[in-house]
Amino acid sequence: MNVVALTALVDRWRPETHTFHLRAGEMTPTLQDVSMIPGLPIQGEPLCMNTASDGWRRQMEDLIGMAPPPPADPKDRTPAGAPFAWIRANFGECPEGADRDTLRTYTHVYFWYTISRTLFADSGGKLAHWCWLKALTVLEHRWSWGTAALAYLYRQLDEACRRTGSGGIGGCLLLLSVWSWDRLSVGRPRILNQRPWPHYQDNLDREPTWTFLWDNVSEMTSDPKIMYMHYTEELDTLTAEQVDWEPYGTYYHIGVGMADLNPKCTEEARFWRMHCPLICMWLVEYHQSHRVMRQFGLYQECPPQWQDTD
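Computed from a predicted structure; not experimentally measured.

1. Considerations on the pairing of strand β7 (residues 283-288)
Okay, so step 1: Where strand β6 (residues 275-280) lies against β7, six bridges are found, and the strand directions are antiparallel. Across the sheet, residue Cys276 finds its bridge partner in β7, namely His287.
Okay, so step 2: The antiparallel hairpin formed by β6 and β7 contains two residues in its connecting segment, where Met281 sits at a positive phi of about 55°.

Structural data, given as structure tokens:
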């Protein structure tokens, strides 16, 4: 992903509206993009539980059999979680002939590691937080991972544009990158040797999501400082005619000509324009689809109805 282009874009994010403010108009990742790009479920219970970190090491030992050692200095307030290096060292490979309980433990850890590096990555990029493992305690539980991932991304963008915390960008950057590449030419990479679209007629759940279109792209090799200034100028002069508002096809004809798109991408389309709070553990962020109606091929009221997101 082009971090420089994302940085220039994040500078145009407004926490008060949860949208990017561009000359072309307001834009933002929505629940439609959550369905189309990573294929996450929207329907389900909000991802909300007690996130108190008291005794989290003992709880982790009860769940997966071990926990990272406490810091040598008692005053060192390390976050509740495990470094990715510790997870790889202790759970990098499941032993052969493992029993069912061991397989379940390694499955828990694998899912924890994966979502901590993709959906809920923090700006530091070194730690898997304990709360995501706790959410996976019941693998069969139907959480609304899509709304949780979008709420987390919104909060990470809020903090990144204010330059709080480590100053980096967290959240699902795959979602943000593909969303940007689909709509904006600014920082868009060149697609290299697009692979044939795979077919899994016997198992439609294995069909790729929209992200597959960007499976193999070029990397930026130019000077970051120069490219940041260049991307900033392009974003400042971007017009509405230069934006692809509906990259997936029209709102009522999504993915036309793409019969092998994963069915999870479109099966929850009825939720895409919800005007609702998005919940992720301790975070509550509003999904303000009414501010970006052009992304759904609909008329955009200007100015849109104001709602405080504080």
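Picking up where we left off.
2. Focus on the side chain of Ser180
Okay, so step 1: With respect to the helices, strands and loops of the structure, Ser180 is situated in helix α8 (residues 173-183).
Okay, so step 2: The contacts of Ser180, once residues within four sequence positions are left out, are Leu9 and Val186.

3. Concerning the packing of aromatic side chains
Okay, so step 1: Within this structure, the stated rule accounts for 14 aromatic pairs.
Okay, so step 2: Consider the rings of Phe84 and Tyr113, whose centres lie 5.3 Å apart with planes at 80°: the pair is edge-to-face. In this pair, Phe84 is assigned in helix α4 (residues 84-91) and Tyr113 in helix α5 (residues 100-117), connecting sequence segments 29 residues apart. Take Phe84 and Tyr113: they sit in the same class, and that class is buried.

4. Points about the environment of Leu40
Okay, so step 1: As for its placement among the helices and strands, Leu40 is situated in the loop between α2 (31-36) and α3 (56-64).
Okay, so step 2: Accessibility expressed as a relative area gives 13% for Leu40, which makes it buried.
Okay, so step 3: In this structure the C-alpha to C-alpha distance between Leu40 and Gln307, which are 267 residues apart in sequence, comes to 26 Å.
Okay, so step 4: Look past the residues within four positions of Leu40 in its chain and what remains in contact with it is Val34, Ser35, Leu119, Trp145, Gly146, Ala149 and Glu268.

5. A closer look at helix α7 (residues 145-162)
Okay, so step 1: The first and last C-alpha atoms of α7 sit 26 Å apart over 18 residues, in line with the 26 Å expected at 1.5 Å per residue.
Okay, so step 2: Taking burial as the measure, the 18 residues of α7 include 14 buried ones, the bulk of the element.
Okay, so step 3: Immediately downstream of α7, the backbone of Arg163 shows phi near 60°, a positive value.

6. Quick notes on the nonpolar core
Okay, so step 1: Ranked by size, the top nonpolar core spans 85 residues in total, and within it Leu47, Trp112, Phe120 and Trp132 carry the most contacts.
Okay, so step 2: When residues in this core are grouped by element, the largest group, 10 residues, is from α7.
Okay, so step 3: With residues near it in sequence (within four places) discarded, Leu47 still touches Phe120, Trp132, Ala135, Trp143, Trp145, Ala148, Ile279, Cys280 and Met281.

7. Brief notes about the sheet that holds strand β2 (residues 19-22)
Okay, so step 1: If you trace the three strands from one edge of the open sheet to the other, you get β1-β2-β3, paired in antiparallel fashion. One side of each edge strand has no neighbouring strand; the edge strands of this open sheet are β1 (13-14) and β3 (25-27).
Okay, so step 2: Pairing geometry for β2 and β3, over three bridges, is antiparallel. Paired with His21 across the strands is Glu26, a residue of β3.

8. Structural notes on the packing of α3 against α5
Okay, so step 1: Two elements in contact, α3 and α5, have axes separated by 9 Å at closest approach and are oriented at 125°. In terms of axis orientation, α3 runs oblique to α5. Where α3 abuts α5, its residues Met60, Leu63 and Ile64 lie against Thr105, Val109 and Trp112.
Okay, so step 2: Here the residues of the contact of α3 with α5 are counted per class, giving five nonpolar, one polar and no charged.

9. Quick notes on the pattern of salt bridges
Okay, so step 1: Enumeration according to the criterion identifies seven salt bridges in this entry.
Okay, so step 2: The closest approach of N and O atoms between Asp236 and Arg12, which form a salt bridge, is 3.0 Å. With Asp236 in helix α9 (residues 224-236) and Arg12 in the loop between α1 (3-10) and β1, this residue pair connects regions lying 224 residues apart in the sequence.
Okay, so step 3: One salt bridge in this structure joins Arg291 and Glu26, with 2.8 Å as the shortest N-O distance. You can see Arg291 sitting in the segment after β7 and its partner Glu26 sitting in strand β3, a full 265 residues away along the chain. Here Arg291 and Glu26 have matching classes, each one buried.

10. Regarding the side chain of Gln295
Okay, so step 1: Structurally, the position occupied by Gln295 is in the segment after β7.
Okay, so step 2: Among the residues examined, Gln295 registers a relative accessible area of 2% and is labelled buried.
Okay, so step 3: A polar contact is formed between the side chain of Gln295 and the backbone nitrogen of Thr28, at a distance of 2.9 Å.

11. A few points about unusual backbone geometry
Okay, so step 1: Look at the link from Cys302 to Pro303: it is a cis peptide, with omega at 0°.
Okay, so step 2: Relative to the elements of secondary structure, Pro303 occurs in the segment after β7.
Okay, so step 3: Of note in this structure, His18 is not a glycine but carries a positive phi near 60°.
Okay, so step 4: Its place among the elements puts His18 in the loop between β1 and β2.
Okay, so step 5: Not every positive phi belongs to a glycine, and Met281 is a case in point at roughly 55°.

Scoring rules and cut-offs
Residues numbered from 1 in each chain as written. Predicted model: local features only at pLDDT ≥ 70, side-chain atom pairs only at ≥ 80, totals over all residues. Heavy atoms only, no water. Pairing = 2+ DSSP bridges. Helix = DSSP H or I, 4+ residues; strand = E, 2+ residues; numbered from the N terminus. Contact = heavy atoms within 4.5 Å. Phe/Tyr/Trp six-rings, centres within 6.5 Å; stacked < 30°, edge-to-face > 60°. Buried < 20%, exposed > 50% of the residue type's maximum accessible area, 1.4 Å probe, protein only. Expected span 1.5 Å × (residues − 1). Core = buried A, V, L, I, M, F, W, Y, C linked by side-chain atoms within 4.5 Å. Axes fitted to C-alpha atoms, helices over the stretch in contact; angles between N-to-C directions. Parallel < 35°, antiparallel > 145°, perpendicular 65-115°, else oblique. Nonpolar A, V, L, I, M, F, W, Y, C, P; charged D, E, K, R; others polar. Salt bridge = Lys/Arg side-chain N within 4 Å of Asp/Glu carboxyl O. Polar contact = N/O pair within 3.5 Å; in protein donor to acceptor, adjacent residues only side chain to side chain.

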